[in-house]
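Structural overview
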Amino acid sequence: MTPTITLHFENCEALDIAPEDVTFLHMSGIADSMTYTPRYQSTYKSVAFVRLSVEDKPEYRRIMRWNDVVCMAVDGVDYYVRWHEDDEVDNRYQKSVIEPYSGDISVVITKEA
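Please read all numbers here as calculations on a predicted model, not as lab measurements. (Residues numbered from 1 in each chain as written. Predicted model: local features only at pLDDT ≥ 70, side-chain atom pairs only at ≥ 80, totals over all residues. Heavy atoms only, no water.)

So, the packing of aromatic side chains
To be explicit about the condition: Ring pairs shown here join Phe, Tyr and Trp side chains whose ring centres sit within 6.5 Å, with only the six-membered ring taken for Trp; geometry is labelled stacked below 30 degrees between planes, edge-to-face above 60, and tilted in between. Strands here mean DSSP runs of E at least two residues long; helices mean DSSP runs of H or I at least four residues long; both are numbered from the N terminus. Relative accessibility decides the category of a residue: with a 1.4 Å probe and only protein chains considered, values under 20% of the type maximum give buried, values over 50% give exposed, and everything between is partly exposed. Two thresholds decide whether a charge sits over a ring: the Lys NZ or Arg CZ must be within 6 Å of the ring centre and within 35 degrees of the ring normal.
If you walk through the whole model with that rule in mind, you get 1 aromatic pair. Judged by centre distance (5.9 Å) and plane angle (85°), the ring pair of Tyr44 and Tyr80 falls under edge-to-face. Within this pair, whereas Tyr44 is found in strand E4 (residues 40-54), its partner Tyr80 is found in strand E6 (residues 77-81), the two being separated by 36 residues in sequence. Judged by its relative accessible area of 31%, Tyr44 falls in the partly exposed class. Residue placement shows Arg51 over the ring face of Phe24; its charged tip is 5.1 Å from the ring centre. The aromatic ring of Phe9 is capped on one face by Arg62, whose charged end is 3.8 Å from the ring centroid.

What follows is the structure in structure tokens.
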């Protein structure tokens, strides 16, 4: 079963990835979180490591222009990625490249070098 993926960006844009265009997905270090105050309650998942590869198509080139993926929705579940605290619009933990052997767009998001 190929997952349905939507990338959510820092500026509130979203990009749907067609299931047939996903060539690789690995996520690890997934954790559940909950925040509560008398006025607010939220539950969500966070992910420490993401590697996503998709076919290189014009509609996906947005991934290459800016390092600003905030969240990935996979089959309707939101996973928030690690974000470098010193920058509000550019995530230094995100690296996006065109893979030379496959030609796919590859995105890795992790705090580890």
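That shown, we press on.
Structural notes on the pattern of salt bridges
Here is the rule we go by: Only one rule defines a salt bridge in this text: a Lys or Arg side-chain nitrogen within 4 Å of an Asp or Glu carboxyl oxygen.
Enumeration over the complete set of coordinates arrives at 6 salt bridges. Measuring nitrogen to oxygen at the nearest pair gives 2.5 Å for the salt bridge that ties Lys45 to Asp32. With Lys45 in strand E4 and Asp32 in strand E3 (residues 22-37), this residue pair connects regions lying 13 residues apart in the sequence. With relative accessibility at 25%, the residue Lys45 sits in the partly exposed group.

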